[in-house]
Amino acid sequence: MSLEVVSTNLAHGGVQGVYKHASAATQTDMTFSVFVPKHEPGEVLPVVWYLSGLTCTQANVTEKGEFRAACAELGLIFVAPDTSPRGVEVADDPDGAYDFGLGAGFYVDATQEPFACNYRMWSYVTEELPGLLAQNFPVDRTRQSIMGHSMGGHGALTIGLNYPDRFRAVSAFAPIVAPAQVPWGQKALSGYLGEDQAAWRRHDAVALIEDGARVPDLLVDQGDADTFLAEQLRSHLLEQACADAEIPLTLRMQPGYDHSYYFISSFMADHLRWHAERLKA
């Protein structure tokens, strides 16, 4: 697959790049960012995937996430995909709402029209983009982990729980932990996957754990001043599911923090160090 370089910049001794390509999964052009720290010729490096939240593109974390200094120190490649297919031909929420359609792919493969053709973010993130990365960047395919924020935290948890042998570590900032039980998730899962809630369970972290999915441990940071906490995020449901399944969960309720990138950037280095420990050769 051919890769178009949108931009590259030197940062902390490494290269922050933004790239575009024609996606077979989404049938659209897709843009993503990659930070590659300074490394020896021929060396392959562990990879941390970061999945973004509602309304975001790869640019939000790239510009506001404050991850590069820690990645340069720890020798981590940092990959940030977009959150949905884009283009004038791509179906959107008919009412123009922010929580469905463009910018809100929810990391699923849609089965419902008119979204099934393009909204295949699960296949894009778990199959197509990893292959493209391996062809073009010095990635160690045996040492990868995943993290995300809000809708992207949902994606990181569900992908990590579905592929525990691929991702050595899973963490999240303010994730949607049980989308089948909250308005954001109910709207997205019914719109993309239909009304059969059995089909939703693969894309619901709490349901996956209830159904037997396991990971060695989890790290979650949640601001206690987050206005979405009570209705949409409901981190206590993940806490209970992990307790019942005996999955070690470090859930850190951060006093005074909200849902923004001020919150994410404050604890990004903590997460990257936690991932680096689990990505050691």
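Please refer to the structure placed before this passage.
Residues numbered from 1 in each chain as written. Predicted model: local features only at pLDDT ≥ 70, side-chain atom pairs only at ≥ 80, totals over all residues. Heavy atoms only, no water.

**What to know about the overall build of the chain**
The number of helices and strands found in the chain is nine helices and nine strands. A compact globule built from 281 residues would reach a C-alpha radius of gyration of about 19 Å, and the chain, at 17 Å, matches this within 12%. For the chain, the spread of C-alpha atoms along the principal axes amounts to about 50 × 45 × 35 Å. Across the 281 residues that make up the chain, the buried fraction comes to 59%. Working note: accessible area of the chain is about 11,200 Å², and carbon and sulfur atoms make up 49% of it. On the chain, the mean spot of the 19 positive side-chain charges and the mean spot of the 35 negative ones are 6 Å from each other. (Helix = DSSP H or I, 4+ residues; strand = E, 2+ residues; numbered from the N terminus. Rg over C-alpha atoms; globule rule 2.2 N^0.38 Å. Buried < 20%, exposed > 50% of the residue type's maximum accessible area, 1.4 Å probe, protein only. Areas by Shrake-Rupley, 256 points an atom, 1.4 Å probe, with all protein chains shown as cover. Lys, Arg positive; Asp, Glu negative; His and termini not counted. Charge placed at Lys NZ, Arg CZ, Asp CG, Glu CD.)

**Quick look at the nonpolar core**
Ranked by size, the top nonpolar core spans 90 residues in total, and within it F78, L133, Y192, M268 and L272 carry the most contacts. What M268 contacts, discounting residues up to four positions off in sequence, is Y50, V61, G65, E66, F67, F78, M147 and F173. (Core = buried A, V, L, I, M, F, W, Y, C linked by side-chain atoms within 4.5 Å. Contact = heavy atoms within 4.5 Å.)

**Quick word on the pairing of strand β6 (residues 139-149)**
Burial analysis of β6 places nine of its eleven residues in the buried class, the great majority of the element. Looking at chain direction, strand β4 (residues 45-51) and β6 are connected through six bridges and run parallel. Among the inter-strand pairings, V47 is bridged to a residue of β6, identified as Q144. When β6 meets strand β7 (residues 167-173), the two strands line up parallel, connected through five bridges. Looking across to β7, one finds that G148 is bridged to A172. (Pairing = 2+ DSSP bridges.)

**Some thoughts on the pattern of salt bridges**
Opposite charge on two side chains makes pairing possible when the charged atoms of those side chains draw close. Enumeration over the complete set of coordinates arrives at twelve salt bridges. Ionic pairing is found between D93 and K187, a salt bridge with its closest N-O pair at 3.2 Å. Pair noted here: D93 is in the loop between β5 (77-81) and α3 (121-136) and K187 is in helix α5 (residues 183-193), with a separation of 94 residues, a long-range link. Among the residues examined, K187 registers a relative accessible area of 31% and is labelled partly exposed. Put simply, R201 and D211 hold a salt bridge, and the shortest N to O gap is 2.8 Å. Here R201 is found in the loop between α5 and α6 (205-210), whereas its partner D211 is found in the loop between α6 and β8 (218-223), with ten residues between them in sequence. The class for D211 is exposed, based on a relative accessible area of 52%. Linked by salt bridges that have partners in common, D93, D99 and K187 make up one network. (Salt bridge = Lys/Arg side-chain N within 4 Å of Asp/Glu carboxyl O.)

**Some thoughts on the side chain of D93**
Owing to a relative accessible area of 7%, D93 belongs among the buried residues under this scheme. A distance of 2.8 Å separates the side chain of D93 from the backbone nitrogen of D95, its partner in a polar contact. Leave out the neighbours within four places in its chain, and D93 touches F100, G101 and K187. (Polar contact = N/O pair within 3.5 Å; in protein donor to acceptor, adjacent residues only side chain to side chain.)

**Concerning the packing of α3 against helix α4 (residues 151-162)**
α4 packs onto α3 with a crossing angle of 55 degrees between their chain directions and a minimal axis gap of 12 Å. Accordingly, the angle class assigned to the pair α3 and α4 is oblique. Pair α3 / α4 crosses with right-handed handedness. Residues W122, V125 and T126 of α3 lie in contact with α4, whose contacting residues are T158, I159 and N162. Taken together, the residues that form the contact of α3 with α4 break down as three nonpolar, three polar and no charged. (Axes fitted to C-alpha atoms, helices over the stretch in contact; angles between N-to-C directions. Parallel < 35°, antiparallel > 145°, perpendicular 65-115°, else oblique. Left-handed = near helix turned anticlockwise from the far one by under 90°. Nonpolar A, V, L, I, M, F, W, Y, C, P; charged D, E, K, R; others polar.)

**Details of the pairing of β7**
Buried residues dominate β7, accounting for six of its seven residues. Once the chain exits β6 it traverses α4 before rejoining the sheet at β7, and the crossover so formed is right-handed. The pairing of β7 with β8 spans three bridges and is parallel. Looking at the pairing, F173 lines up with D221 of β8. (Right-handed = clockwise from strand over helix to strand, strands pointing away.)

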